[in-house]
Amino acid sequence: ITSAVAFDILPLKLHPFSQSTPTGLDCVGWKRRISSGVYTMIADGTLDKTALTDDVGSEEDLYEDFRSSNHRYGHPGGGGEQLAINELISDGSVVYAEALWDHVTMDDQELGFKAGDVIEVMDATNKEWWWGRILDSEGWFPASFVRLRVNQDEPMEDYPLKVEGGKEDDSSSGTRRFGMGQTTKDQMRTNVINEIISTERDYIKHLKDICEGYIKQCRKRADMFTEEQLKTIFGNIEDIYRCQKKFVKALEKKFNKDHPHLSEVGSCFLEYQTEFQIYSEYCNNHPNACMELSRLAKVNKYVYFFEACRLLQKMIDISLDGFLLTPVQKICKYPLQLAELLKYTNPQHRDFKDVEAALNAMKNVAQLINERKRRLENIDKIAQWQSSIEDWEGEDVLVRSSELIYSGELAKISHPQAKSQQRMFFLFDHQLVCCKKDLLRRDILYYKSRINMDDMEIVDVEDGKDKDFNISVKNAFKLHCRDTEEVHLFCAKKPEQKQRWLKAFENERRQVQLDQETGFSITEVQKKQAMLNASKQHHTGKPKAVTRPYYDFLMRQKHPTLPTTLPQQQVFMLAEPKRKPSNFWQNISRLTPFRK
């Protein structure tokens, strides 16, 4: 791209993007107008190439014109769906979301969950942090880490009820009739099949836009990008594009257009499960891509260049890092789609066994990728935690550790006076960190010491008099150093707390062994970046813990203080497709102030 262009674009044809698309990709119905009007889109939707001339201005001119037209560069956020969700919640409707990612948190005011967990969304007023509930736990969570459930009006159970002989209970929803002789279950299977096919087609278009709209243009500018830079930014996305093109062709061959619920797509996922492992390389590289783009974003000519690429490819208003996040989302969403497909597939269906096997296969692929992402996200949280500890001494936690295994309060008994001290302990892989609470402000911790877990063995101590310390103990255990014979005695308040600690020590050793077997490690660059980010972060406060009645009052007034930053590798919230048999999505359409 040697020169930029100005736009006078006719209203674009509405394109219903699917739930695999980041927020913003479903908003292509708007009209852009930039005053110079040199470059137009002709009636058939193609670009008028004759209007592209070198005298229309530089990339900087294009960017300034575009910015002055009041369009936001980057993720627009918010929108009609968010407003509609809040309307439904305020009307008393129950809204559920599924977790795309693990949300790991050390803050008891946030809601932690695992990928695949179902969360009741209780408030979505803030576009980045929502308030939700899982069982009896409530708290804040990143809205971008979830997708709204397809078929909100369906019951929560994963599978229909069974009766003796393995047949479905006649009272289940699967026996209700829908439309032209189809059962509700068949119609729901049709919905899921159509979703899988449509999202794959949209995803292919998305990958094509990145490869042709960005990579192809970047390679023309050797003065701006080296091959190494392009490999860092785009990873192996071209390999993914080639793989997905073959995969979508295989899916379409298995797609029954006349009777979608009879389609047999499970075998396609089984056939390509090995090839999908190329996503691991892409996802592992993604944090590096984000850092490189963040560095380039500080140089105006790169900002202008990337924006010109996007405009020439007629891609919607979202930044490059948002586009590059979609493959990470896609591979982690396959298990959710297949789980829903299996739910609406009868055991007698010819596709049942293949879908069941495909679900397990894609779970394994996604689990490896999600684990890597979770561990990388952990290092930021650990760095932020360490920066909050007063009087820290010695090396950073991240030098040896990358995972918080367990934490809690214990009484530590020390030689020679056998004096008991109440302390907070944080068990990481390879080390146990000891902190003391401030006497007045109990949320402030002071660093006291740490124990190298690689040298320790765990000793379960029976209740009664301990011969080493010559005192009576209860709910106790010891850490014994094999080399120096050093002994640390700890007491928990309750037996179940002691058992949780003993289990945590087992998990710590298992995690260390697994990391050694898989070769997992955090690079020095990632560690340093995490500590740098933590040192720069301003502590503006998290949402205050609230009781249920007080929470209801606050929701009628205003939110407590919200977190100001999202976890690393933020995920754009996904737009759900509309479902005819679902009253939920009919309400969404009715309440949304604009049409897609």
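Residues numbered from 1 in each chain as written. Predicted model: local features only at pLDDT ≥ 70, side-chain atom pairs only at ≥ 80, totals over all residues. Heavy atoms only, no water.

Trainee: When you look at the nonpolar core in this model, what are you seeing that I'm missing?
Mentor: With 84 residues, the main nonpolar core has F225, F234, F269, F276, F306 and I331 as its most contacted residues. In terms of residue count, helix α3 (residues 184-219) provides more of this core than any other element does, 13 residues in total. Looking at which domains feed residues into this core, each of domain 1 (78-148) and domain 2 (184-377) gives three or more. If we ignore the near neighbours within four places in the chain, the residues touching F276 are C243, Q244, F247, F269, I331, Y334, M362 and V365. Residues I379, F426, F428 and A534 belong to the second largest nonpolar core, which totals 21 residues. (Core = buried A, V, L, I, M, F, W, Y, C linked by side-chain atoms within 4.5 Å. Buried < 20%, exposed > 50% of the residue type's maximum accessible area, 1.4 Å probe, protein only. Helix = DSSP H or I, 4+ residues; strand = E, 2+ residues; numbered from the N terminus. Domains from an automatic or database assignment. Contact = heavy atoms within 4.5 Å.)

Trainee: Where do I start with the packing of aromatic side chains in this structure?
Mentor: Note on aromatic pairs: each is described by the distance of the centres and the angle between the planes. Within this structure, the stated rule accounts for 25 aromatic pairs. Ring geometry for Y214 against F306: centres 6.3 Å apart, planes inclined by 55°, an arrangement best described as tilted. With Y214 in helix α3 and F306 in helix α8 (residues 300-312), this residue pair connects regions lying 92 residues apart in the sequence. Here Y214 and F306 have matching classes, each one buried. Aromatic side chains Y406 and W501 sit 4.9 Å apart centroid to centroid with 90° between the ring planes, which places their arrangement in the edge-to-face category. Of this pair, Y406 sits in strand β10 (residues 404-414) while W501 sits in helix α11 (residues 495-518); the two residues are 95 residues apart in sequence, bridging distant segments of the chain. (Phe/Tyr/Trp six-rings, centres within 6.5 Å; stacked < 30°, edge-to-face > 60°.)

Trainee: Where do I start with the packing of helix α5 (residues 237-254) against helix α9 (residues 320-343) in this structure?
Mentor: The description of two helices packed together rests on the angle between their axes and the distance between the axes. For the pair α5 and α9, interaxial distance at closest approach is 12 Å and the crossing angle is 45°. Considered as vectors, α5 and α9 are oriented oblique to each other. The handedness of the crossing between α5 and α9 is left-handed. Contacts from I237, I240, Q244 and F247 in α5 reach L324, P327 and Y334 in α9. Grouping the amino acids of the contact of α5 with α9 by side-chain chemistry returns six nonpolar, one polar and no charged. (Axes fitted to C-alpha atoms, helices over the stretch in contact; angles between N-to-C directions. Parallel < 35°, antiparallel > 145°, perpendicular 65-115°, else oblique. Left-handed = near helix turned anticlockwise from the far one by under 90°. Nonpolar A, V, L, I, M, F, W, Y, C, P; charged D, E, K, R; others polar.)

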